[in-house]
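# Chains, contacts and geometry: an overview
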Amino acid sequence: MKIDDETTDVLIGGYLSTEAAHEDYEAVLNCGKRLWGAVVVSKDLEGNVSLEQTDHTVEEGAVGLGGVGLVVGLFAPPLLAATAIGAALGAVGGKALHKKIGSQVEKMAEETIPIGGAGLIVAYPHSVTEEVESAVTRSVQKVVGEAEGNHVKALKGALADAQKKMAEQSAQGNG
Amino acid sequence: MSAIDRSHLPIRRTAFSGAVGKTLDGSQPDWNLIGHPTPPEGAPNVLLVLIDDAGFGNPSTFGGPIQTPNYTRIAEEGLRYNRFHVTALCSPTRAALLTGRNSHTVGFGSVGEFAGGFPGYSATLPRDCAPLPRILKDNGYSTAAFGKWHLTPDGQQGPAGPFDRWPNGWGFDYFYGFLGGGASQWDPCLAENQKIIGTPAEFYDEENPYYFPDAMADRTIEWLHAVRAQDAHKPFFAYFSTGCSHSPHHVAKEWADKYKGKFDQGWDKLREETFARQKELGVIPAETELTARDEAFPAWDDLPDNLKAFYARQMEVYAGYSENADSNVGRVIHAIDELGELDNTLIIWIWGDNGASMEGTITGSFNELTMQNGIPLTDEMQLQLSERYGGLDAWGAAIMDPHYSAAWAWAGNTPFQWGKQVGSHLGGTRNPMVVRWPARIEGAGELRTQFTHVVDVATTILELAGIPQPDTVDGIEQDPMHGSSFAATLTDGAAAEHRTQQYFETVGNRGMYKDGWWLAMKTDRIPWVLTPDALRPYAPGVWDPDAGRAELYYLPDDFSQAKDLAADNPERVQELKDLFWGEAERYKVLPLLATMSTFFGIVPPIPQDTKFEFRGDVQNVLSGMIPRIYNRSYSITADLVVPEGGAEGVIVAEADHLGGFTLYVMDGKLIHTYSMMGVFIFKQVAEEDLPSGEVTVRMEFAADEAKPATGGEVTLFVDDRPVGKGRMDHTVPIRFSGYAGMDIGRDNGGVVDRAYESKKPFAFTGTVKKVVFDITPHLVAQDELDVHIAEQHGQAAHALSE
């Protein structure tokens, strides 16, 4: 299936531990379905940032997920709710949206990913939503955005939709 | 020689009976002048052991899953008591145990942290209620206390005292332990006699790490050896009060791993297994019914499968922690045996100052203080946070401050309902006790079933030692003890009931026992829920304590409180209600819910001090005594001397990575790190190097609003020049830590910022001349009052968890 052939979904998950984020990252990659790609960004207790990604769009001749800034999320609302961790993660994505994956994004992540936290972004065709969402079992905050169009437009649209939903969810203080 | 008058303490010295001339010629000495009082002939040594936050169904001695071979040994060589009762909270039980008076009467209707403005809740011992250690000391005993104290008000735990509220002031010659309600077992902030000594140096020995339960036993044995080295005959009174099994549940992995897989069946089946063993052992009557699960506790089978290992590990750690306590008590008993004095030692060993604690909420927590600070976390979040700090294998290690699920506590209180804080039911109030003293006990290994209360212990010890209750102490007339001696039960299993009536009250949960009948009046509030909605029904003018549900049990036929007879016995219910009110007035229980008065706007005056100055050598300021920086703007200013070539190290640090702040210098940069209970960690780093010479650095926090946990902006300054900034979205609303201290010039114990973990305590290599906290009152008086009330709410919530 080509990336232009159907609606694209983007899932954003927020985590309080890097282990949980990596567990879900591995689970979506092994869900048995073809994804466009996934990115997990985490920061350990000493402040070291790590980023791991799998990008299948390049194989499709597309520009690659880095081109649309897959490390995404939303700003952190001032709530005393642990679910705000997901929102805090979002700050990375908001700033990283137009950055290419690489040292610049890692620098941004260093500034905005909470110490000890992690975020997961998964992009995939809408037809495998059920398999992907059921593989993501450990996020403390999760949203899914979707959009149609050519691959870059769809990815960016889905990303924006996910961000919007994350903001709404965080504002309500639930995850 | 005339009999010693022990009714007035201190015992008066006898008059000089010799003769004094102008010179030695003709003078006759009286050697009694340099003597000291001795106890009556035959007075035994006393070892009083109190385990913390544990249930009737925990130790294997009483059918529980936790192996307690030393407890069983003492029971088999002595007696098991299966109808022994405590108050449902830490400090009140300790106060009753050590004074022989009902806890409210001696100011401990609540805990030491909550020193309220009503007589029954002042956390201050009245001078007309001299405690047991003082009486024993004045009668010639050597006295010492080891471990948890929890009878000194918050705010009075520093070098300014007053020390009459510390263990020495209660009559202990020697004290080694911690003053608060709980402590890390790996890096506690300890007191020795009248000094806070902080975290022991052994904490920094990674090959042989310090462990408080081991050190407690070591110190007790050392003290016994030292006393005997000086005096071969003087009886001792050793009070061995473990930090275990209170949270944080800290124990080495190998102890927890002994229970690997032992709790995979869950709490519902664990209760059934314990119940069956209890019947087999005969520690509960054959006809006892297992009480039903309240809907406040989830069924184990309803938990998500992927979280069951998380929950099971919580109990594995608790079990290993508790077995370790049994082992260390065993070491002390062995030492007494080696001295050849075991059979001359009265051992009273109580397994739990209240029922097992449900304060971990249903999820359990990687950090016990998250609940007290009102941070809502699901079980998945708790699991992830534990993963952040090392995962399930580290649950029990120094990097976490864990507490298990309330449902495990409930299972630990098998066969009863509820647990700690619930004074209306046996899950909170009935705990195991064993007693050993071969010189007096007949029928070793037998069970005793007389209704007994913790208030009876002091009276019993005095009777067995042949020491009367004093009429006056220091010239002050004494109120008689309320205890009723159970000495007769040592020799006679059929001895008459020595206690036929007893009130119980904890946080509004009331029980009234009389002649076998027990009236239970529990508030509807679930003990671990302190939300506004949960508290609203108990506001002044709203709550009618007589209108709530009343349950009635007849304990001789119903050991576990399984059959509520209230509906068929309205007259009995009313009789016991009336009796309760009379007892409540008599023993200063009123006003009910005084423990929660701050929740309803009855708060102490707003402190007026806004500036707090600490010179560079101040260390180990206990967590209840740090400047009140919560929920407001504040600044920390430090005057430093930085040598040429720079300096590094901590300028000031409070508590640790699970809640605290640190202002330090590393790689030439000024850094501020703030841990919001280990859930959120904020860090600001200066953008330029710290200069050398006389330097003033400052951290300013500008709060967004006058609300608990307010976010705000941080700015770092060097010599009034801004050098860095950052945002903290959330701040700690109530309290960083239950026990860790604040230090100037270093970060003692567990560190706040893991970035300098390898350099701990990371002492400042320049000079910290002084550190000044300036707190900024809110501009609007109502805001200031609201924040003050919110902080007091939090302190009360914290207190209720200790």
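Owing to the predicted nature of the structure, the values given are computational and were not obtained by experimental measurement.

## Some points on the overall build of chain A
- The helix and strand tally for chain A stands at 5 helices and 5 strands.
- Tracing chain A from N to C terminus, the helices and strands come up as β-α-β-β-α-α-β-α-β-α.
- Put simply, chain A has 175 residues, and 58% of those count as buried.
- Excluding contacts between residues fewer than 6 apart, the proportion of contacts in chain A whose partners are at least 24 apart in sequence is 72%.
- On chain A, roughly 6800 Å² of surface is accessible, and the fraction owed to carbon and sulfur atoms is 49%.

## Notes on the pattern of salt bridges
All names here are of chain B.
- Throughout the structure, instances matching the rule amount to 51 salt bridges over all chains.
- With a shortest N-O distance of 2.7 Å, Arg-499 and Asp-456 are connected by a salt bridge. Highlighted residues: Arg-499 in the loop between α13 (488-491) and β16 (501-506) and Asp-456 in helix α12 (residues 456-465), separated in sequence by 43 residues. Each member of the pair, Arg-499 as well as Asp-456, carries the same accessibility label: buried.
- Note that Asp-564 is salt-bridged to Arg-549, the shortest N-O span being 3.6 Å. Remark: Arg-549 occurs in the loop between α14 (532-535) and β19 (551-554) and Asp-564 occurs in the loop between β19 and α15 (570-586); sequence separation between them is 15 residues.

## Describing the sheet that holds strand β15 (residues 476-477) of chain B
Residues and elements named next belong to chain B.
- Strand order across the open sheet formed by 3 strands is β1-β14-β15, with mixed pairing between neighbours. Of all strands in the sheet, those with a lone pairing partner are β1 (8-9) and β15, marking the two edges.
- In the sheet, β1 pairs with strand β14 (residues 472-473) via 2 bridges, with the strands oriented parallel. In the sheet register, His-8 faces β14, and the bridge partner there is Thr-472.

## Notes on the packing of aromatic side chains
Residue and element names in this part refer to chain B.
- Considering all chains together, one arrives at 53 aromatic pairs over all chains under this definition.
- Measuring from centroid to centroid gives 5.0 Å for Phe-203 and Tyr-204, while their planes differ by 75 degrees, and the two rings are edge-to-face.
- On the basis of an interplanar angle of 85 degrees and a centroid distance of 5.6 Å, the ring pair of Phe-310 and Trp-395 is categorised as edge-to-face. Of this pair, Phe-310 sits in helix α7 (residues 308-338) while Trp-395 is found in the loop between α9 (379-388) and α10 (406-412), placing the two residues 85 residues apart along the sequence.
- Take Trp-395: its relative accessible area is 2%, and that puts it in the buried class.

## Description of a nonpolar patch on the surface
- Among the surface-exposed residues, Phe-16, Val-20, Trp-31, Leu-33 and Ile-34 of chain B lie close enough to one another that they form a single nonpolar patch of about 610 Å² accessible area.
- Its location among the elements puts Ile-34 of chain B in the loop between β1 and β2 (45-51).

## Some words on the sheet that holds strand β10 (residues 345-351) of chain B
Residue and element names in this part refer to chain B.
- One open sheet holds the 10 strands; their spatial order is β8-β7-β6-β5-β9-β2-β10-β11-β3-β12, and the pairing between them is mixed. Two strands in the sheet have a free side with no partner beyond their single neighbour: β8 (195-198) and β12 (446-448). Each adjacent strand pair in this sheet contributes to an overall mean axis angle of 15 degrees, direction not counted.
- Bridging between strand β3 (residues 79-81) and strand β11 (residues 433-436) involves 3 bridges; their strand directions are antiparallel. Note on β11: the bridge partner recorded for Leu-79 is Val-435.
- Sitting on the sheet, helix α2 (residues 90-99) is in contact with β2, β5 (142-148), β9 (236-241) and β10, with an inclination near 170 degrees to β9.

## A short note on a negative patch on the surface
- Negative charge collects at one region of the surface, where Asp-5, Asp-471, Glu-477 and Asp-479 of chain B lie side by side.
- Following the sequence through the fold, Asp-479 of chain B ends up in the loop between β15 and α13.

## What about the side chain of Ser-737 of chain B?
All names here are of chain B.
- The residue Ser-737 is located in the loop between β28 (721-728) and β29 (742-744) in this model.
- Within the structure, Ser-737 has its side chain in polar contact with the backbone nitrogen of Ala-740 (distance 2.8 Å).
- In this structure, Ser-737 is in contact with Leu-369, Ser-623 and Ala-655, ignoring residues within four places of it in sequence.

## Remarks on the environment of Gln-792 of chain B
All names here are of chain B.
- With respect to the secondary-structure elements, Gln-792 resides in helix α16 (residues 781-800).
- Gln-792 sits 238 residues away from Tyr-554 along the chain, and the two C-alpha atoms are 40 Å apart.
- Residues in contact with Gln-792, not counting those within four places in the same chain, are Thr-598, Val-603 and Pro-604.

## Overview of the pairing of strand β3 (residues 49-55) of chain A
Residue and element names in this part refer to chain A.
- Of the pairings in the sheet, the one linking strand β2 (residues 37-43) to β3 comprises 7 bridges and is antiparallel in character. Looking across to β3, one finds that Gly-37 is bridged to Asp-55.
- Adjacent in sequence and paired antiparallel, β2 and β3 are bridged by 5 residues, among which Gly-47 carries a positive phi angle near 90 degrees.

## Side note on the nonpolar core
Residues and elements named next belong to chain B.
- By size, the foremost hydrophobic cluster in this structure holds 152 residues, and its most contacted members are Trp-349, Ile-651, Val-652, Val-697 and Phe-773.
- With 13 residues, α7 is the largest single contributor of residues to this core.
- With 58 residues, the next largest nonpolar core counts Ile-348, Val-457, Val-473 and Phe-486 among its residues.

## What to know about α12 of chain B
- Within α12 of chain B, 9 of the 10 residues are buried, which leaves the element mostly enclosed by the surrounding structure.
- Of all the positions in α12 of chain B, only Asp-456, Val-457, Ala-458, Thr-459, Thr-460, Ile-461, Leu-462, Leu-464 and Ala-465 of chain B are classed as buried.

## Description of the confidence of the model for chain B
- When the pLDDT values of chain B are averaged, the result is 95; 98% of them are 70 or greater.
- As scored by the predictor, the complex reaches a pTM of 0.93 and an ipTM of 0.84.

## So, unusual backbone geometry
Residue and element names in this part refer to chain B.
- Note that the residue after Ser-247, namely Pro-248, is joined by a cis bond; omega there is 0 degrees.
- Mapped onto the elements, Pro-248 comes out in the loop between β9 and α5 (253-257).
- The phi angle at Asn-193 is positive, at roughly 55 degrees, despite the residue not being glycine.
- Structurally, the position occupied by Asn-193 is in the loop between β7 (190-192) and β8.
- Given a relative accessible area of 23%, Asn-193 falls into the partly exposed group.
- The phi angle at Asp-474 is positive, at roughly 55 degrees, despite the residue not being glycine.
- Within the secondary structure, Asp-474 sits in the loop between β14 and β15.
- Classification of Asp-474 by relative accessible area gives partly exposed; the value is 49%.

Reading the values: rules and limits
- Residues numbered from 1 in each chain as written.
- Chains lettered and ligands numbered in written order.
- Predicted model: local features only at pLDDT ≥ 70, side-chain atom pairs only at ≥ 80, totals over all residues.
- Heavy atoms only, no water.
- Helix = DSSP H or I, 4+ residues; strand = E, 2+ residues; numbered from the N terminus.
- Buried < 20%, exposed > 50% of the residue type's maximum accessible area, 1.4 Å probe, protein only.
- Contact = heavy atoms within 4.5 Å.
- Areas by Shrake-Rupley, 256 points an atom, 1.4 Å probe, with all protein chains shown as cover.
- Salt bridge = Lys/Arg side-chain N within 4 Å of Asp/Glu carboxyl O.
- Pairing = 2+ DSSP bridges.
- Phe/Tyr/Trp six-rings, centres within 6.5 Å; stacked < 30°, edge-to-face > 60°.
- Patch = residues over 30% accessible without salt bridge, like charges linked within 9 Å, V, L, I, M, F, W, Y side chains within 5 Å.
- Axes fitted to C-alpha atoms, helices over the stretch in contact; angles between N-to-C directions.
- Lys, Arg positive; Asp, Glu negative; His and termini not counted.
- Charge placed at Lys NZ, Arg CZ, Asp CG, Glu CD.
- Polar contact = N/O pair within 3.5 Å; in protein donor to acceptor, adjacent residues only side chain to side chain.
- Core = buried A, V, L, I, M, F, W, Y, C linked by side-chain atoms within 4.5 Å.
- pLDDT = per-residue confidence, 0-100.

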